[in-house]
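Results of the structural survey
Each chain, letter by letter, is given below.
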Amino acid sequence: MSEEPDTAPVPDYRKMLSLEGKVFIVLGAGQGIGRQSAHALAQAGAKVVCVGRRAEPTEAVARQVGGHAFTGSATRREDVLRLRDETLERFARIDGLVDILGQPLHRALTETTDEDWDWQFEVGVRHVFLAAQIIGPAIARSGGGSMVFVSSTSGQAISHQRAAYAASKAALEQLVRAAAVEFGPMRVRVNAVAPGLVLTPRVKTTMKPEALAWAAAHYPLGELGTPPDIASVILFLSCGLSAHVNGQTLLAEGGSLSRSPVYDMHSIGR
């Protein structure tokens, strides 16, 4: 029995990458992954609203990408409401959001105080809740779009003295799934990207070169991630190329979670 030829139309894949005419908000745009994400979105054609707590770096990135700067805290409800209203007033629509905010607490579980725990969830999860709740419906009213949050491999694998951080990232990933289910019927996709160790400005200033070299040697690719590596995945999740990806956490960690300790034992002849 002969098969019928495949005559399904072939889309314009390059056009699916375009964000021309779209308006995106980037939380934490002042440096590192946020800055690179703002550039990636702008190069794809989007108008970018750069958000940060410090005016100077946020405004600098906004100038670089021809976007708009907004100074405020994404963990404060009144600031996120103001961000939504100001963006809609200026651009009349919101098509997407990228949230790269987060900071790890380095402390043993037995030494973590109530204040430590509350702080970690405040800086790690609260902004995700507020962004989804306040910005998500605005994206839906604009016709749908994409929300991308940055998690970490710590949400799936445990690093030394990062119990609270790991718990907050696992909560972030579950909140992403819940939002994806709730917002899916409104044509709003919600996803996350989970990097491993990334050479951000903060990492470069807080980790010694020998520690970074040791870490890179444990990655199958032999090198750590860079902010553009993660921004590229964020761009994919933000554009039409990922139109059927929803409620997912994409690993962008150089294969580090795929490597078993047994591999290292064999490599040294044991």
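Refer to the preceding data block for the structure.
Read on for an overview of the structure.

What counts and how
Residues numbered from 1 in each chain as written. Predicted model: local features only at pLDDT ≥ 70, side-chain atom pairs only at ≥ 80, totals over all residues. Heavy atoms only, no water. Helix = DSSP H or I, 4+ residues; strand = E, 2+ residues; numbered from the N terminus. Contact = heavy atoms within 4.5 Å. Pairing = 2+ DSSP bridges. Axes fitted to C-alpha atoms, helices over the stretch in contact; angles between N-to-C directions. Patch = residues over 30% accessible without salt bridge, like charges linked within 9 Å, V, L, I, M, F, W, Y side chains within 5 Å. Areas by Shrake-Rupley, 256 points an atom, 1.4 Å probe, with all protein chains shown as cover. Salt bridge = Lys/Arg side-chain N within 4 Å of Asp/Glu carboxyl O. Buried < 20%, exposed > 50% of the residue type's maximum accessible area, 1.4 Å probe, protein only. Polar contact = N/O pair within 3.5 Å; in protein donor to acceptor, adjacent residues only side chain to side chain. Disulfide = S-S within 2.5 Å. Expected span 1.5 Å × (residues − 1).

**With respect to the environment of Ala171**
Structurally, the position occupied by Ala171 is in helix α6 (residues 163-183). Counting along the chain gives 43 residues from Ala171 to Val128, while the straight-line C-alpha distance between them is 10.0 Å. Leaving out residues up to four positions away in the same chain, Ala171 has contacts with Phe121 and Val125.

**Quick notes on the sheet that holds strand β4 (residues 96-99)**
Reading across the sheet, the seven strands line up as β3-β2-β1-β4-β5-β6-β7 and stay open at both edges, with parallel pairing between neighbours. The sheet is open, and its two edges are formed by β3 (68-71) and β7 (249-252), each paired on a single side. In this sheet, neighbouring strand axes are inclined to one another by 20° on average, regardless of whether the strands run parallel or antiparallel. Pairing analysis gives four bridges linking strand β2 (residues 47-52) to β3, with the strands arranged parallel. From the neighbouring strand, Cys50 faces β3, where its bridge partner is Ala69.

**Details of unusual backbone geometry**
A positive phi angle, near 70°, is found at Ala92, a position not held by glycine. Secondary-structure assignment places Ala92 in the loop between α4 (77-91) and β4.

**Some thoughts on a nonpolar patch on the surface**
Taken together, the side chains of Val10, Tyr13, Leu17, Phe236 and Leu241 make up a nonpolar region of the molecular surface, amounting to roughly 470 Å² of accessible area. As for its placement among the helices and strands, Tyr13 is situated in helix α1 (residues 13-17). Relative accessible area serves as the criterion here: at 49%, Tyr13 is assigned to the partly exposed category.

**Regarding the pattern of salt bridges**
A full pass over the atoms with the stated rule returns seven salt bridges. Ionic pairing is found between Glu122 and Arg126, a salt bridge with its closest N-O pair at 3.8 Å. One end of the pair, Glu122, and the other, Arg126, are both in helix α5 (residues 114-141), four residues apart, so they sit about a helical turn from each other. Exposure remark for Glu122: the relative accessible area of 32% places this residue in the partly exposed category. By relative accessible area, Arg126 is classed as partly exposed at 32%. Through salt bridges with shared partners, a single network forms among Arg76, Glu78, Asp79 and Arg82.

**A short note on the environment of Ala215**
On the secondary structure map, Ala215 appears in helix α8 (residues 209-216). Its relative accessible area of 11% is what places Ala215 among the buried residues. In this view, Ala215 contacts Leu197 and Leu224; residues no more than four positions away in its chain are not counted.

**So, the side chain of Thr58**
By the secondary structure assignment, Thr58 is in helix α3 (residues 55-65). Under the relative-accessibility criterion, Thr58 is labelled buried at 1%. Side-chain polar atoms of Thr58 contact the backbone oxygen of Arg54, separated by 2.7 Å.

**Here we look at the state of the cysteines**
With the rule as written, the count across this model stands at zero disulfides. Cys239 provides the cysteine sulfur closest to Cys50, a residue in no disulfide bond, and the two sulfurs are 19 Å apart.

**Regarding α5**
Over its 28 residues, α5 extends 39 Å from the first C-alpha to the last, a length consistent with the 40 Å expected when each residue adds 1.5 Å. Once α5 ends, the next one or two residues include Gly143, with phi positive near 110°.

**Remarks on the environment of Pro195**
Note on placement: Pro195 falls in strand β6 (residues 188-195). Separated by 35 residues in the primary sequence, Pro195 and His160 place their C-alpha atoms 17 Å from one another. Once residues lying within four places of it in the same chain are set aside, the contact partners of Pro195 are Val150, Ser151, Ser152, Thr153, Ile230, Ala252 and Glu253.

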